[in-house]
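Notes for the structure review
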Amino acid sequence: MFKRLAIVFILGFFTVFCSAQQVRPAKSSEIYRELKTLKHLPKVLYLAAHPDDENTGLLSWLINDQNVETGYLSLTRGDGGQNLLGTEQGAALGLIRTHELLEARKLDGAQQFFTRAIDFGFSKNTDDTFKQWDADSITADVVWVIRKFRPDVIICRFPPTAAAGHGQHAASAVVAEKAFKLAGDQTAFPNQLKYVSVFQPERILWNTFRFGSTNTTAENQLKATVGQYDAQLGMGYGELAGLSRSLHKSQGAGTQSVAGVRTEYFSPVLGDQAKATLFERIPMNWSDRGINDIDELIDITLLSFDYNHPDKSLHGLLMLRKKIAELQDVNLRKDKLAAIDHIILSCTGFMGEMVTNQAEAVAGDSYNFRLNVIARSSVPVLLEQVNWINQTDNLNRRVSGDSLLTIERKIQIPAGAALTEPYWLEKPAKNAATFSVTNDTLIGLSENESALNVVLSLKIGTEQFKVKLPLSFKKLDPVKGDVVEQLRIVPALGLSFAEPVYFAREKEGLAVTLRLKATKSINYGKVDFKIGNVIVKTFTGINLPENTVTIKDFLIPAEDLSKIKTSQNKLEAVFSAEQNTFTKGQVLIQYPHLPSLQYFVPATTWLLKGDIKVLAKKVGYIQGAGDLIPEFLSQAGLQVDVLTEADILNPAKLATYDAIVTGVRVINTEKRIKNWQPALKAYVENGGTMVMQYNTTQDMALQDFGVYPFTISGKRVTEENASVKFLNPNHKLLNYPNKITTQDFSGWVQERGAYFPDQWDNRYEPLFEMNDTGEEPLKGSTLYAKYGKGNFIYTPLAFFRQLPAGNVGAARLFFNFISAGK
């Protein structure tokens, strides 16, 4: 662990943790809060397993009332969760949830950290969790964050017991306790000590809770009153917490903003036990450390602070900066210098940006940029020097006086510039539970620090400052106004398959479609389609104009497909041109509440071949929270129509479909389903087949959504390889048109299914029995009922994960379901 060091100093905690594309001044109320935080020395690290596990009310209080630096360490990025916004799963969902956390942190002011752990889905206990997670590597990551952030107090959201409600929740507490014991040990993870020193927090506590019927609080526990009204915010901390938590939009985590004070409870775990406050016997300010002069200077600055003219504090702040620079404590000096540098820059009213009108760039090419800088200060701000990446200019120009200085410059992107993508997605994951990070010093960071920056040398008063401005893309959006985002470095050619799955049929050629995005012109290119080391087919003579996206079909002849002998195959596309090889495609995620997010994946798709039959020809699909089932069925040769309300309420229209499939969580996300239910039941009664995927118990549009009554629960089978018992092996759904065996449940990913029904009318027939290790068998994974002339199937099996992953057995079973009326 810890192979090399790559540290970028970018205006201390502000830009490192907020990833600003512009450097902008904080508002006066924020500057005042930062001054109060500068006065206080303790740090707090809150620790849990997932995005949205954090107690945002407590974080808001710690930062804005107690004025202590606070961070949230989420062991995972939430990759295994559900998605209410779209079809993204796995790494793409984790990237979305990472940035939802960062948006939340912008509101409550906390810093954000992660480990390499992957959220592999729901687990029921720590034994299950640590079968997936490597406890030592995750503990090492937490120790690294502790040694780097150096918190005096660690607060766990969960206990290490079943009361945590989720195996990963409990595991976060187990790891936290181990890391607390090891962070101050010179013999623990010694390779880290090349870059950080050991550090022993004072105490670790558990933030006890009332969740539903579970109450772990007690009046003899340490208590803190939170939620107070803050006039500078114009709201209480509970109200701020509601806004912050509601930014977890992919999880449907909208939360009420609750005014008024409330009590938080804490139970001691390890270290020095506190009786009255979280910070007992911990130095709160500089005077507690015997550094009275710094405390006095901060107090004078706070007393004289002018909200309308924060620049009046600059002389005192520059004097204070000199005092902090003389500190002997290296870590304290580094932290507080970063903090005061941001305060000083904000007090000058400084804004800087380095922007182009190009959203994407290719390494080695040159682009036109604009440097915009301005300062609004009575104290002179001098722009002494600009390092333009490949050249340095001495300017010595004053940027005070509220006048914008613009300098245009053509900048060449370094030939070796890396593609823009999250550091944890640059390489394939080590396994299903741990990301691979090649530069270990990046561990803990919420995202990459910008590698392409213009560096300004400023002189404020008599002090020197370095300011890094990331190369950015700026545009005027007709709805949002100015949009400033990271400049995305992309390859000269990106390629990806149009579909995640293709079906090869006997004695038929296969048409596959590639999306070819050429940022530079391509002449006489060729593409090889490969399975493993075997080239199935090569196509040559491909020409692509610059800055174009081409959707191109390739027909692989039947004789070439005959080389393929297995049923599930990963088909890879490799494009070559002018001695360059391209193997990856861009994944671009864009939602209104997030910046544009980009990463790259190999150009691969699943090619399924063999004994896979489907008799249904035409399927109607009712959208839920988002899945890729329609695309999968289309590739299987079916006509798939996404149904509108008018379609659903038209009996003649519905009667034309062999089956109706509902998207995942349709009962939770589509409130009109209550009005559609009579029409859907009539469709089944008249001979139709309806396949309903899983729903949850949260925010249900209606309770009675089956043809007969049943009740869903939180029960699930999380072990994707759990054995499956067929309750009626002769049932038509298990034999026609595909003969289903236990082999069809091999190779499933993440889970068998979730939110199984636990009670149902006796007119339903359960098809399977399955369970996690050591638990009672569950029969609610699939319920079948004959209703009138038709068929109703409720299945919380995780087809929405298995089918895009190319699982042949899951496809065969799902095809039997939608063919039930044939």
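**What to know about the side chain of D53**
For D53, the location among the structural elements is in the loop between strand 1 (43-48) and helix 3 (56-64). No salt bridge is formed by the buried D53; its nearest oppositely charged neighbour, R245, is found at 6.4 Å. In terms of polar contacts, D53 uses its side chain to reach the backbone amide nitrogen of A49, at 3.3 Å. At a separation of 3.4 Å, a polar atom in the side chain of D53 contacts the side chain of H169. Excluding residues that lie within four positions of it along the chain, D53 makes contacts with A48, Y72, R157, F158 and H169.

**Section: the sheet that holds strand 42 (residues 783-787)**
Sheet strands line up and pair through hydrogen bonds in the backbone, either parallel or antiparallel. With mixed pairing, the seven strands of this open sheet are ordered in space as 34-33-35-36-43-42-40. Unpaired on one side and paired on the other, strand 34 (639-642) and strand 40 (765-766) mark the two borders of the sheet. Bridge count for strand 35 (residues 659-662) against strand 36 (residues 689-692) is three bridges, and the pairing is parallel. What sits directly across from T662, in strand 36, is M692. Helix 19 (residues 808-818) contacts strand 33 (618-622), strand 35, strand 36 and strand 43 (790-794) of the sheet and is inclined by roughly 140° relative to strand 36.

**Examining the packing of aromatic side chains**
Two aromatic rings are characterised by how far apart their centres lie and by the angle between their planes. A full pass over the atoms with the stated rule returns 35 aromatic pairs. Centre to centre, the rings of F745 and W748 are 5.2 Å apart; their planes meet at 25°, and the pair counts as stacked. The same class applies to F745 and to W748, which are both buried. Of the aromatic side chains, those joined through ring pairs into one cluster are F705, Y708, F710, Y764, Y787, F792 and Y794. Against the face of F539 rests K537, its NZ or CZ located 6.0 Å from the ring centre. Of note, R752 hangs over the ring of W748, and the distance from its end group to the ring centre comes to 5.4 Å.

**Considering unusual backbone geometry**
Cis geometry is adopted by the peptide bond preceding P737, which originates at Y736 and carries an omega value of 0°. Within the element layout of this structure, P737 appears in the loop between strand 38 (724-726) and strand 39 (757-760). Despite not being glycine, Y524 has its phi angle at roughly 55°, a positive value. Of the residues examined, Y524 reaches a relative accessible area of 68% and is grouped as exposed.

**Some thoughts on the packing of helix 2 (residues 28-39) against helix 11 (residues 330-347)**
Where helix 2 meets helix 11, the axes come as close as 10 Å, and the angle between the chain directions of the two elements is 155°. Accordingly, the angle class assigned to the pair helix 2 and helix 11 is roughly antiparallel. Helix 11 is crossed by helix 2, and the crossing has left-handed handedness. Seen from helix 2, the contacting residues are I31, E34, L35, T37 and L38; seen from helix 11, they are K336, A339, I340, H342, I343, S346 and C347. Of the residues belonging to the contact of helix 2 with helix 11, the class tally is seven nonpolar, three polar and two charged.

**Brief notes about empty space enclosed by the protein**
Counted according to the given criterion, the structure contains five cavities of 30 Å³ or more. Within this model, the largest cavity holds a volume of roughly 80 Å³. Together, 13 residues line the largest cavity, and G494, K517, G585, Q586 and F600 are the ones closest to its centre. Among the elements of the structure, strand 22 (493-497), strand 24 (510-518) and strand 30 (584-589) are those that each provide at least two residues to the lining of the largest cavity. Of the residues forming the lining of the largest cavity, the biggest block, four residues, is contributed by strand 22. Grouping the amino acids of the lining of the largest cavity by side-chain chemistry returns five nonpolar, five polar and three charged.

**Digging into the packing of helix 2 against helix 9 (residues 292-304)**
Closest axis-to-axis distance for the helix 2/helix 9 pair is 10 Å, and the angle between their directions is 160°. Looking at the two axes, helix 2 sits roughly antiparallel to helix 9. When the axes of helix 2 and helix 9 are compared, the crossing they make is left-handed. Contacts between helix 2 and helix 9 involve Y32, L35, K36, L38 and K39 from the first element and D295, I298, D299, T301 and L302 from the second. Of the residues contributing to the contact of helix 2 with helix 9, the split by class is five nonpolar, one polar and four charged.

**With respect to the pattern of salt bridges**
All told, the structure shown has 39 salt bridges when counted by the stated rule. In this structure, the salt-bridge partner of E264 is R262, at a minimum N-O distance of 2.1 Å. Measuring nitrogen to oxygen at the nearest pair gives 2.4 Å for the salt bridge that ties D611 to K613. Exposure remark for D611: the relative accessible area of 46% places this residue in the partly exposed category.

**Points about helix 2**
If you check helix 2, its first and last C-alpha atoms are 17 Å apart, about what twelve residues at 1.5 Å a residue would give, namely 16 Å. Along helix 2, the residues classified as buried are S28, I31, Y32, E34, L35, T37, L38 and K39. Of the surrounding elements, those touching the buried residues of helix 2 are helix 3, strand 2 (69-74), helix 9, helix 10 (314-325) and helix 11.

**Here's the deal with the environment of E776**
As for its position among the elements, E776 is in the loop between strand 41 (768-770) and strand 42. Residues E776 and G401 lie 375 residues apart in sequence; the distance between their C-alpha atoms is 74 Å.

**Notes on the environment of K671**
The topology assignment puts K671 in the loop between helix 16 (666-669) and helix 17 (673-685). For the pair K671 and M700, spaced 29 residues apart in sequence, the C-alpha separation works out to 8.1 Å. Engagement of the side chain of K671 in a polar contact is seen with the backbone oxygen of D699, the distance being 3.0 Å.

**A few points about the nonpolar core**
Core analysis: the biggest nonpolar cluster contains 91 residues, and L456, F529 and F575 have the highest contact counts within it. Examining the composition of this core, we find that eight residues originate from one element, helix 11, more than from any other. L456 has contacts with F350, L371, V373, L383, Q385, V386, F465, K466, V467 and L469, leaving out every residue within four places of it along the chain. In terms of nonpolar packing, the next biggest core, distinct from the first, is built from 45 residues, I629, L633, L733 and F799 among them.

**Section: helix 17**
For helix 17, spanning 13 residues, the distance from its first C-alpha to its last is 18 Å, which sits close to the expected 18 Å at 1.5 Å a residue. I673, W676, Q677, L680, Y683 and V684 are the residues of helix 17 that are buried. Looking one or two residues beyond helix 17, the residue adopting positive phi is G687, at roughly 120°.

**Some points on the pairing of strand 2**
When you tally the buried positions in strand 2, you get six out of six residues, the bulk of the element. In terms of strand pairing, strand 2 meets strand 3 (residues 111-114) through four bridges, oriented parallel. Note on strand 3: the bridge partner recorded for Y72 is Q112. In the classification by handedness, the crossover that spans strand 2, the intervening helix 4 (residues 90-108) and the parallel strand 3 is right-handed.

**Quick look at the side chain of H342**
Inspection of the secondary structure assignment puts H342 in helix 11. Of note is the side chain of H342, whose polar atom sits 2.9 Å from the side chain of E34.

**So, the confidence of the model for the chain**
With 98% of its residues at a pLDDT of 70 or more, the chain has an overall mean of 94. Below a pLDDT of 50 lies the segment residues 1-19, which in the model reaches 58 contacts outside its immediate sequence neighbourhood of four places, other chains included.

Rules used in this analysis
- Residues numbered from 1 in each chain as written.
- Predicted model: local features only at pLDDT ≥ 70, side-chain atom pairs only at ≥ 80, totals over all residues.
- Heavy atoms only, no water.
- Helix = DSSP H or I, 4+ residues; strand = E, 2+ residues; numbered from the N terminus.
- Buried < 20%, exposed > 50% of the residue type's maximum accessible area, 1.4 Å probe, protein only.
- Lys, Arg positive; Asp, Glu negative; His and termini not counted.
- Salt bridge = Lys/Arg side-chain N within 4 Å of Asp/Glu carboxyl O.
- Polar contact = N/O pair within 3.5 Å; in protein donor to acceptor, adjacent residues only side chain to side chain.
- Contact = heavy atoms within 4.5 Å.
- Pairing = 2+ DSSP bridges.
- Axes fitted to C-alpha atoms, helices over the stretch in contact; angles between N-to-C directions.
- Phe/Tyr/Trp six-rings, centres within 6.5 Å; stacked < 30°, edge-to-face > 60°.
- Lys NZ or Arg CZ within 6 Å of the ring centre and 35° of its normal.
- Parallel < 35°, antiparallel > 145°, perpendicular 65-115°, else oblique.
- Left-handed = near helix turned anticlockwise from the far one by under 90°.
- Nonpolar A, V, L, I, M, F, W, Y, C, P; charged D, E, K, R; others polar.
- 1 Å grid on protein atoms, 1.4 Å probe; cavity = no way out; pocket = protein on both sides within 12 Å on 5 of 7 lines; lining within 4 Å.
- Points joined across faces, edges and corners; volume = space filled by probe spheres on them.
- Expected span 1.5 Å × (residues − 1).
- Core = buried A, V, L, I, M, F, W, Y, C linked by side-chain atoms within 4.5 Å.
- Right-handed = clockwise from strand over helix to strand, strands pointing away.
- pLDDT = per-residue confidence, 0-100.

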